[in-house]
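# Structural features, examined
What follows is each chain in one-letter form.
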Amino acid sequence: MDARLLLLADSRLPAGGHAHSGGLEPAVTAGAVTDVAGLADFLRGRLATSGLVAAALAAAACAHAHTGDQAWERLDAEADARTPSPAQRQASRAQGRSLLRAARTTWPHPALEALATAVREPHHPIVLGVSAAAGNGTPHQAATITAYGAITGPASAAVRLLGLDPLAVHRTLADLASGVDRIATEAAAAPDDWAALPAPSAPILDLYAELHMSADLRHFES
Amino acid sequence: MGANHDHDPHTAAPAHGRALRLGIGGPVGSGKTALTAALCRTLRDEFDLAVVTNDIYTTEDADFLRRNAVLPDDRITAVRTGCCPHTAIRDDISANLDAVEALEERHPGLDLIIVESGGDNLTALFSQGLADRQIFVLDVAGGDDVPRKGGLGVAAADLLVINKTDLAPMVGSDLDMMARDSSRVRNGRPVAFTSLREQPGAPEVADWVRSVLHEARHDNSHTARNHDHAAAS
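Presented here is an overview of the structure given in this document. Note on numbering: residues in each chain are counted from 1, in written sequence order. Each chain gets a letter, beginning with A, and each ligand a number, beginning with 1, in the order they are written. Owing to the predicted nature of the model, reporting of local features is limited to residues with pLDDT of at least 70; listing and counting of side-chain atom pairs is limited to 80 or more, with chain, interface and lining totals taken over all residues. No hydrogens and no water enter the side-chain calculation; it runs on all heavy atoms of the structure.

## Some thoughts on the overall build of chain A
Selection rule: The numbering of helices and of strands both runs from the N terminus, where a helix is a DSSP run of H or I of at least 4 residues and a strand a run of E of at least 2. To get the radius of gyration, use the C-alpha atoms; to get the globule rule, take the number of residues to the power 0.38 and multiply by 2.2 Å. A simple rule labels every residue: compare its accessible area, found with a 1.4 Å probe on the protein chains alone, to the largest value its type can have, and call it buried under 20%, exposed over 50%, or partly exposed in between. In what follows, residue pairs with any heavy atoms lying within 4.5 Å of each other are defined as contacts.
Helix and strand counts for chain A stand at 10 helices and 0 strands. Helices and strands appear in chain A in the N-to-C order α-α-α-α-α-α-α-α-α-α. Computed over the C-alpha atoms, the radius of gyration of chain A is 16 Å, within 12% of the 17 Å expected from 2.2 N^0.38 for a compact globule of 222 residues. Along the longest, intermediate and shortest principal axes, the C-alpha atoms of chain A span 45 × 35 × 30 Å. The buried share of chain A, reckoned over its 222 residues, is 52%. Within chain A, counting contacts between residues at least 6 apart in sequence, those at least 24 apart form 80% of the total.

## Quick notes on the interface of chain B and chain A
Quick note on the threshold: Buried area: the sum, over both parts, of the accessible surface (1.4 Å probe) that disappears when the two are put together. For this document, the term salt bridge refers to a Lys or Arg side-chain nitrogen within 4 Å of an Asp or Glu carboxyl oxygen. Think of a polar contact as two N or O atoms within 3.5 Å of one another; within protein, one of them needs to be a possible hydrogen donor and the other a possible acceptor, and neighboring residues in sequence only count if both atoms come from side chains.
Contacts between the two partners involve 22 residues from chain B, matched on the other side by 24 residues from chain A. Summing both partners gives a buried area of about 1900 Å² for chain B against chain A, and 48% of it is carried by carbon and sulfur. Counting across the chain B and chain A interface gives 6 salt bridges. The salt bridge involving B:Arg80 is made with A:Glu221; its shortest N-O contact spans 3.3 Å. Summed over the shared surface of chain B and chain A, the number is 12 residue pairs in polar contact (both at pLDDT 80 or more). Contributions of two or more residues to the side of chain B that touches chain A are made by strand E3 (76-80), helix H3 (85-91) and helix H4 (94-106) of chain B. Sorting elements by how many residues they give to the side of chain B that touches chain A places H4(B) first, with 6 residues.

Below, the structure written as structure tokens:
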């Protein structure tokens, strides 16, 4: 694996992720996640739904970047169509914008410039896929990094919000690693026809995201 | 323009030079928001201003500034920092850069954007990628030994403000000692003793900001002249 891809998967990448909890904070506020076991269930659900959708979009974006084609607006619209919650759309575009800034500086690549020109604030998985391509990654690797990020972001937020034991949380992440690999394989095997990309939804996450926007106390943007 | 210009992650400077970005950091309760409000009131008629607040968990500070109407609402933006105030000003400045750039887009011609950090510890330091200059705010009631302990904020900030001097007799803080200890770790960089209760306009700090803005404008026009020369030759 190209070491540039390790940078892309690293939570220390300065791309704004630390201020987003991937829906974990509203789940904690609602009392749905209180301990490591609850976190494991949350992460499993997130991985199978929005994690798969994001991984498939990232794989498609990575493949598209390698072809040199530039139908970025259409792929971005596919991401919109799979993100019914306006709050989640906003969070995804905010993180996409931040990642685009980081990626253009870190791995300059024509596909990143083409994406930035075509879409003002592209969705996060699209930028992640193109960044993986810029780091010489395959669509499958783009999907793995994306699926991995779908669980590590909320896990880190849980350590901060609930004071969970970081070792126990990492044990949970390790247990989920084979699930990440399965989701990445499924995402990378998705059809070339973008309209047929996976689209499972998680209505409770959509609802949480909306409630979070009107909450009085918010540590995380989303 | 260099070959790397296309990859410059920051907004291109407007013709007059982009707004100066001033970070204000310091521990919880030292008076960062009150100082920000004071600077806005004192400087808003002289300069085109905007503020970004970094709250630990609420929009408390932005709301305070709005309630006190120190600036119009659309010149105040709050960012959330995911329980890590120093990460947002140092390790990952994305959210703050986005907020700064959005303000610059909305208000072309801004002279100064104040980025107020969430309350943090003594090691907090603004990234050079976010702030052109930074102020660190302590208060006398937080302990008169804090300057001696040093810390990155106390030692390296462009201006150290020691606030709430009116409380010194009540809490038994030795201001002379704080001044001596500060100058020892600051290599001659300035220290301002303030009491926003006694001088709500923070005149000394406002003067320092004026001089920094003046200097930045001078640098910009100097750079512009050099570019003109280069273009002409």
